[in-house]
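Close look at the chain arrangement
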Amino acid sequence: MPLVTMRQLLDEAAKGGYGVGAFNVNNMEQIQAILAAAKETKSPVIIQASRGARKYAEDLYLFHLILAASELNPEIPIAMHLDHGNGFETCKSAIELGYTSVMMDGSLKEDGKTPTTFEENVAITKKVVDFAHERGVTVEGEIGVLGGVEDGHGAGGSGLEHVTDPDQAVEFAERTGVDALAIAIGTSHGAYKFTKKPDGSVLKMDILIDIHKRLPHTHLVMHGSSSVPKDLQDVINQYGGKLKQTWGVPVEEIQLGIRNGVRKINVDTDNRLAITGAIRKVFAETPEKFDPRDYMKPAREAMQKVVAQRMTQFGQAGHAGDYKQLPISEFVAGYASGKYDARPSAKK
Ligand SMILES: [Zn+2]
């Protein structure tokens, strides 16, 4: 199956009442791990690359690896998504290359660190939406600012400094016409999200629920949503690592989100932890080995296990065969006619 648009994948998820994991990739083994998990659980999936990943792997390597994944697995719907685009040119280059979805993170300036004003965010996001929708490509925006830093991207801080204001979220969706919206509800990028198991004082699920009620057609996105399970931290520390204990977003909270409009869940840290733990184990137990395959294979398997588990927990498992891919021309026409208008004022 050729790549699908993220819009189709998320519309189907909304119909089916489930969420879809969006997993970050930088290399072949991570892509293979995701596809192995998707095949194992019969799941549609979003594969996403950040600016850092595109730079690390070089754009064309990564693009063709993801295309290879879709050619080898025609039964799996795959959307290829740009994670945290920092400006119009970054999004445009991904769209022109063939990504079927982009995130324009206009919550931060082009440096990827400094928060923007609301008006700046609306203006840059709208510009990307106009360009992308003319080409049938899906757009995710962000309102509010996430905490932490990952791949050099992020405002830092705890995640509670710029929690999304629901009124602004509604106005933002109305003025930009984004398909999907990342909101800040206290989560952070990276491994160090919370210093204890999060509760309502640090994870603002009530805000998410309120926003979904007011934006029923805009797919909500949870960033920084690795669960950072203790067993993955323990493997790393058991074999010589030095991670401080930390807490991620509990799966039950993500599932509560999915019952309230969350359709895309970004997971990166858990996979990084699984890979690193598996490699450390090989190095510690068999220091005489030097063939990269001896540690990349267990690393790939460890990531597959985490991804398959998330796919089951998010509910996307079993849904790969529910639908046929719509051509991108359907979305070009559908955006032009208003069929895919997700704004709250759009007639449904
Ligand atoms: Zn993010």
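Higher on the page you've got the structure.
Here the structure is a predicted model, which means the values were calculated and not measured.

Here the focus is the coordination of the zinc ion. The protein atoms that coordinate the zinc ion are His84 (NE2), His189 (NE2) and His223 (ND1), at distances of 2.0 to 2.1 Å. The motif formed by the donor residues of the zinc ion, counted along the single chain, is H-x104-H-x33-H. Residue His84 is located in strand β3 (residues 78–85), and its partner His189 is located in the loop between β6 (180–183) and α8 (205–214); the two are separated by 105 residues in the primary sequence. An identical accessibility class is assigned to His84 and His189; each is buried.

Another aspect to go through is the side chain of Glu140. Secondary-structure assignment places Glu140 in strand β5 (residues 138–143). On the basis of relative accessible area, Glu140 is assigned to the buried category, the value being 0%. Within the structure, the side chain of Glu140 is placed 2.7 Å from the side chain of Lys264, a separation counted as a polar contact. Not counting residues up to four positions away in its chain, the partners in contact with Glu140 are Met6, His81, Val102, Met103, Met104, Ala180, Ala182, Val221, His223 and Lys264.

Once that is clear, we can look at the packing of aromatic side chains. A full pass over the atoms with the stated rule returns seven aromatic pairs. A centroid spacing of 4.9 Å and a plane angle of 70° characterise the contact between Phe283 and Tyr295, whose relative ring orientation is edge-to-face. Separated by twelve residues along the polypeptide, Phe283 in helix α11 (residues 269–285) and Tyr295 in helix α12 (residues 292–314) bring together distant segments of the chain. Using a relative accessible area of 45% as the deciding quantity, one classes Phe283 as partly exposed. An angle of 45° between the planes, with centres 6.4 Å apart, marks the rings of Phe331 and Tyr335 as tilted. Taken together, the positions of Phe331 and Tyr335, both in helix α13 (residues 328–337) and four residues apart, correspond to about one turn of that helix. The exposure classification of Phe331 matches that of Tyr335, with both residues buried.

Conventions adopted
- Residues numbered from 1 in each chain as written.
- Predicted model: local features only at pLDDT ≥ 70, side-chain atom pairs only at ≥ 80, totals over all residues.
- Heavy atoms only, no water.
- Donors = N, O, S within 2.8 Å, 3.2 Å for Na, K, Ca; no water.
- Helix = DSSP H or I, 4+ residues; strand = E, 2+ residues; numbered from the N terminus.
- Buried < 20%, exposed > 50% of the residue type's maximum accessible area, 1.4 Å probe, protein only.
- Polar contact = N/O pair within 3.5 Å; in protein donor to acceptor, adjacent residues only side chain to side chain.
- Contact = heavy atoms within 4.5 Å.
- Phe/Tyr/Trp six-rings, centres within 6.5 Å; stacked < 30°, edge-to-face > 60°.

Everything listed here is a matter of coordinates, which is why it stays silent on function.
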